[in-house]
Amino acid sequence: MPGDLLKRTDETIRYIRLKTGLQPEIGLVLGSGLGALGDRLEDPCIIPYEELPHFLKSTAPGHQGRMIIGRLKGKTLLCMQGRFHYYEGYTMPQITYPVRVMARLGIKTLILTNACGGLKGEFSPGDLMLITDHINFMGMNPLIGPNEDDFGPRFQDMTTAYTPALAALARKTAAELGIPLREGVYLGYSGPSFETPAEIRLFQSFGASAVGMSTVPEAIVARQSGLRLLGLSCVTNLAAGILDQPISGEEVIEAANKAGEKFIRLLTEIIGRI
Ligand code: HPA
């Protein structure tokens, strides 16, 4: 219901505080097949989404559907093992609700991760990509509707959506760890069907480097909420038509799982340095 966002977020936050007694400083959304980092948190306090007031059910494969609050490299993290997608039939305000909660909970930095299809011939499955900017091709915007001014301005600036200082930190950390890190523009597509080769050619002509079915709505709300934002993608496949082979959801999860250790090493070190 519009108009009661304040009340709802407060109810969710009260439950998190009561259950954990912790004040997280960094939010981390783990994408398809990338949930394993959540299992590395120390002294974890786990809250399944079903338990959390006003949270939705996670229906996407490779998304465990739970919040884990715990410590990693001396930081207190709120980790979402699984997110909500537009293609699940939820509304944009529904899928971005967790970001509203994190911001009101006092989190200052949000890290959004995802599995994506590479649009560049030189990309390979398993590559990690720093998101430098995005294109909203979902045909929807999470800020549409009555604006609740307590949560930020309606006409949100998106000039530097992905915080340059965090991008610089990610580049430097990857270089020091010897982990190759690609970078580029992420294009958000509603899904759940994968794209056609004609759509992929269009997206390439837009200057996008990767395509996926998440992240963009959360990034918009994160910026409206004043959060510092870092976006990291795992390229799980080359997008439709680049190779002469079909794409499957299973392949996406499998490739993300395979890249998991490298992804965890990089992300853990970045978190320690934030
Ligand atoms: N397209 C859209 N979303 C994706 C893809 C893709 O090729 N791979 C992983 N997520």
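Because the structure is a prediction, the values reported are computed rather than measured. (Residues numbered from 1 in each chain as written. Predicted model: local features only at pLDDT ≥ 70, side-chain atom pairs only at ≥ 80, totals over all residues. Heavy atoms only, no water.)

Participant: Which parts of the structure should I look at to understand the pattern of salt bridges?
Facilitator: Pairing between side chains becomes possible if they bear opposite charge and their charged atoms approach one another. One pass over the full model with this rule turns up 13 salt bridges. D127 serves as the salt-bridge partner of R182, at 2.7 Å between the closest nitrogen and oxygen. Of this pair, R182 sits in strand β7 (residues 181–188) while D127 sits in the loop between β5 (109–118) and β6 (128–136), and the two are 55 residues apart along the sequence. The partner of E176 in a salt bridge is K172, with the nearest N and O atoms 3.1 Å apart. Residue E176 and its partner K172 are both found in helix α4 (residues 164–177); the two are separated by four residues, about one turn of the helix. By relative accessible area, E176 is classed as partly exposed at 47%. Connected through salt bridges with shared partners, the residues K73, K172, E176, E269 and R273 form a single ionic network. (Salt bridge = Lys/Arg side-chain N within 4 Å of Asp/Glu carboxyl O. Helix = DSSP H or I, 4+ residues; strand = E, 2+ residues; numbered from the N terminus. Buried < 20%, exposed > 50% of the residue type's maximum accessible area, 1.4 Å probe, protein only.)

Participant: Help me out: how do you make sense of the pairing of strand β3 (residues 66–72) in this one?
Facilitator: Taken residue by residue, a regular strand's side chains alternate between the two faces of the sheet. Of all seven residues in β3, five are buried; the element is thus mostly enclosed. Bridging between strand β2 (residues 42–48) and β3 involves five bridges; their strand directions are antiparallel. Paired with C45 across the two strands is I69, which belongs to β3. Sheet analysis places β3 next to strand β4 (residues 75–81), joined by seven bridges and oriented antiparallel. From the neighbouring strand, I68 faces β4, where its bridge partner is C79. (Pairing = 2+ DSSP bridges.)

Participant: Just to check I follow, could you spell out the side chain of H134 for this structure?
Facilitator: Here H134 shows up in strand β6. In this structure the side chain of H134 is engaged in a polar contact, spanning 2.8 Å, whose partner is the side chain of Y162. (Polar contact = N/O pair within 3.5 Å; in protein donor to acceptor, adjacent residues only side chain to side chain.)

Participant: Is there a simple way to think about the packing of aromatic side chains in this case?
Facilitator: The relative placement of two aromatic rings is captured by the distance of their centres and the angle of their planes. Inspection of the entire model under this criterion finds nine aromatic pairs. Centre to centre, the rings of Y49 and F84 are 5.3 Å apart; their planes meet at 55°, and the pair counts as tilted. With Y49 in the loop between β2 and β3 and F84 in the loop between β4 and α2 (92–95), the pair connects residues that are 35 residues apart, well separated along the chain. Like Y49, the residue F84 is buried in the burial classification. Ring geometry for F137 versus F206: centroids 5.9 Å apart, planes at 55°, classification tilted. Of this pair, F137 sits in the loop between β6 and α4 while F206 sits in helix α5 (residues 197–206), placing them 69 residues apart in sequence. For F137, a relative accessible area of 35% puts it in the partly exposed group. (Phe/Tyr/Trp six-rings, centres within 6.5 Å; stacked < 30°, edge-to-face > 60°.)

Any functional reading would require information beyond the geometric quantities listed.
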